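# Structural description and commentary
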Amino acid sequence: MNLTTIYNSAAASPTHPSSLFPQITRCKTMKQLHQVHALFLKTGQINDPLAAAEILKFCSLPAHRDIEYARKVFRQMSEPNCFSWNTIIRALTESDEINETNEPLEALLLFTEMLTDGTVLPNQFTFPSVLKACARTGKLLEGEQAHGLALKFGFEKDEFVASSLVRMYVMCGAMEKAQFFINKMMAEFENGGKLVKDKRRTEGNIVLWNVMVDGYVRVGDLTAARELFDKMSQRSVISWNVMISGYAQNGYFMEAIEMFRLMQMGEVRPNYVTLVSVLPAISRIGALELGKWVHLYAERNEIVIDDALGSALIDMYAKCGSIEKAVQVFNRISKPNTITWSAIIGGLAVHGRAKDALDYFSRMEHEGVTPSDVVYIGVLSACSHAGLVEEGRLFFNHIVNEVDFEPRLEHYGCMVDLLGRAGLLKEAEEFIMNMPIKPDDVIWKALLGACKMHGNIEMGDRVARILMNMAPHDSGAYVALSNIYAASRDWESVARVRLKMKEMDVRKDPGCSWIELDGVVHQFLVEDESHPRAKEIHSMLQEIAEQMRLVGYKPDTSRVLLNIDDEEEKESTLYYHSERIAIAYGLISTSPGTPLRIVKNLRVCEDCHSSIKLISKIYTREIIVRDRKRFHHFENGSCSCRDYW
DNA sequence: ATAGGGTTAG
């Protein structure tokens, strides 16, 4: 055991010896504390600043925080010492009352009072709280003044003060200032300087480094974050968690998973937060095997699967195509909160299980959990995926009239999708016109998609124009419009759209699919030939095409968005859609009968959808495809979406 | 005294 472990275990020990005031140490509740307080008032012990400070500390503890009481005790102190000031400032800083009474701001006012009063000077314990109060209230100017004072008092290089400083700058959005200070500290390191640190600690400055890495993560500069991370001589579990959640929250899902894998090769063990951080990345990639492994890891290592970790697991199973497992996890959570309910309802919704989603919604209300706005997004999207127009309208009206939040863009989006897909194009358009908030591109895209689905060229044309104005460099509108023209064989208009795309330098997003085999995620781009087994994949694709021809399938090339006259070549571009490459690879890499799970970044095209139905029949495989929007369970020639998607 | 986490329309 090294020094650090000894120090940490001492700090973690539940009975911190406060032998001076055993009465307070023994207190369990605020009520008991009141009695001790009364006793101290009677005996005059209250005039001892140490005793008063202990009382202050007790009512500031998260377990029984009573800031009002703390405030009163503090105000009644005749000679508060530095510890008293620090305790009350810290209690106010940590307060959640940031909107109502703004207690973190009160902490800053108290700090200035401490300075003007001048009887006691701030010490190195004062600044972390003060800086955190600045960070929480976004007060950069005050933060800089505090920085000046910290420098003046000689605490700038204190490990705790330094990390609080970086955090303050980062949280106030002053990245260049954070960087400036970081550079200054880095120069110190390079000159062999060290931060002033607690003598009992041997670890060095992990926290400061962690805060720095987190700073880069928060502005989305993962390259800088990673560079710093790689330079660290020691990393704690938090260093890893910051990188993993940083990648995951900024959309670098593969990188998050890779980090998680690297972590396991070192000596730092994943903890609860690690699992909660990596799960969203696993969900997005659809890596079911890895997700199962995380679940097992939690169970084996006695990591409690509470409402938060449970929500992440439910979402993971749902997004990885295993909705039954998601339901199982849900049933084992003792106290599901509104996020847990969102996860299961949203999961059922993307699987097209609208009835179940609505049942869960009723259960939730029955159990007295107030549904959040996100829950209603799940409910509306369930209605939309199943074409439950009336139910959807009722829920939407319920939100408008009964619930105490205003519908958000997402709710409107669901409604446009619901109405549009049901063919109520006119109503959907009017719905958008009457929205009290400005519709975004997603709303218009939902309507455009409906126009495409129902072949409404006139409205499609109009909506596409609006979209091209709103987001001229987004390929979505161009591709959809071109598909609308192509479906009605208006090749001239198709050519016009393509020309426009070229002019605007807009390219169609490349299709990309993933398949996980034996815990390894394989990624395929459209027309991908980079895989080590590309040759075999190619032959398999040929074989599939041949098998499909034998059962009389004629590819639908009408939507091929390429300037190709040769019909055969058009057909072959369809074979090379990324999901088909992934399926072909799945077929040659797994034993007969194994279900295949594919994740795709875009929507599945019409032709792939009908082809996969056939493939599932010809090869007797269950094929589960998660596209951009929902799940398709292909089995024995049909799909769970009943071709309504 | 300082650092990390879950759900969200197409």
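Scroll up a little and you will see the structure.
To start, this report covers the structure provided alongside it. (Residues numbered from 1 in each chain as written. Chains lettered and ligands numbered in written order. Predicted model: local features only at pLDDT ≥ 70, side-chain atom pairs only at ≥ 80, totals over all residues. Heavy atoms only, no water.)

Further remarks concern helix α27 (residues 457-470). Helical geometry note: an α-helix holds 3.6 residues per turn, so side chains three or four residues apart project in the same direction. If you check α27, its first and last C-alpha atoms are 20 Å apart, about what 14 residues at 1.5 Å a residue would give, namely 20 Å. Met-459, Gly-460, Asp-461, Val-463, Ala-464, Leu-467 and Met-468 are the residues of α27 that are buried. In this structure, the buried side of α27 is in contact with α25 (425-433), α26 (441-453) and α28 (475-487). For α27, the side-chain oxygen to backbone nitrogen distance between the N-cap and Glu-458 is 3.3 Å, and the N-cap itself is Asn-456. (Helix = DSSP H or I, 4+ residues; strand = E, 2+ residues; numbered from the N terminus. Expected span 1.5 Å × (residues − 1). Buried < 20%, exposed > 50% of the residue type's maximum accessible area, 1.4 Å probe, protein only. Contact = heavy atoms within 4.5 Å. Polar contact = N/O pair within 3.5 Å; in protein donor to acceptor, adjacent residues only side chain to side chain.)

Okay, the protein's contact with DNA strand B next. Neighbouring residues of DNA strand B: 50 residues in total, closest Asn-241, Asn-271, Tyr-272, Lys-319 and Val-442. The sugar-phosphate share of atoms of DNA strand B within 4 Å of the protein amounts to 47%. The separation between a base nitrogen of DNA strand B and a polar side-chain atom of Asn-271 is 2.5 Å. Lys-319 places a side-chain nitrogen or oxygen 2.6 Å from a phosphate oxygen of DNA strand B. Contributions of two or more residues to the surface near DNA strand B are made by α10 (159-171), α12 (206-218), α14 (237-249), α16 (272-285), α18 (307-319), α20 (338-350), α22 (373-386) and α24 (409-421). At six residues, α14 tops the list of elements feeding residues into the surface near DNA strand B. Residues belonging to the surface near DNA strand B are distributed by class as follows: 18 nonpolar, 15 polar and 17 charged. (Near = heavy atom within 4 Å. Nonpolar A, V, L, I, M, F, W, Y, C, P; charged D, E, K, R; others polar.)

Let us now look at the pairing of strand β4 (residues 623-626). Looking along a regular strand, one sees the side chains alternate between the two faces of the sheet. Covered by surrounding structure in β4 are Ile-623 and Val-625 together with Ile-624 and Arg-626, the residues of both alternating faces. Direction of pairing for strand β3 (residues 596-600) relative to β4: parallel, over a ladder of four bridges. In the strand pairing of β4, Ile-598 is matched with Val-625. On the question of chirality, the crossover connecting β3 to the parallel β4 by way of helix α33 (residues 606-618) is right-handed. Counting the residues that bridge the hairpin from β4 to strand β5 (residues 631-635) gives four residues. (Pairing = 2+ DSSP bridges. Right-handed = clockwise from strand over helix to strand, strands pointing away.)

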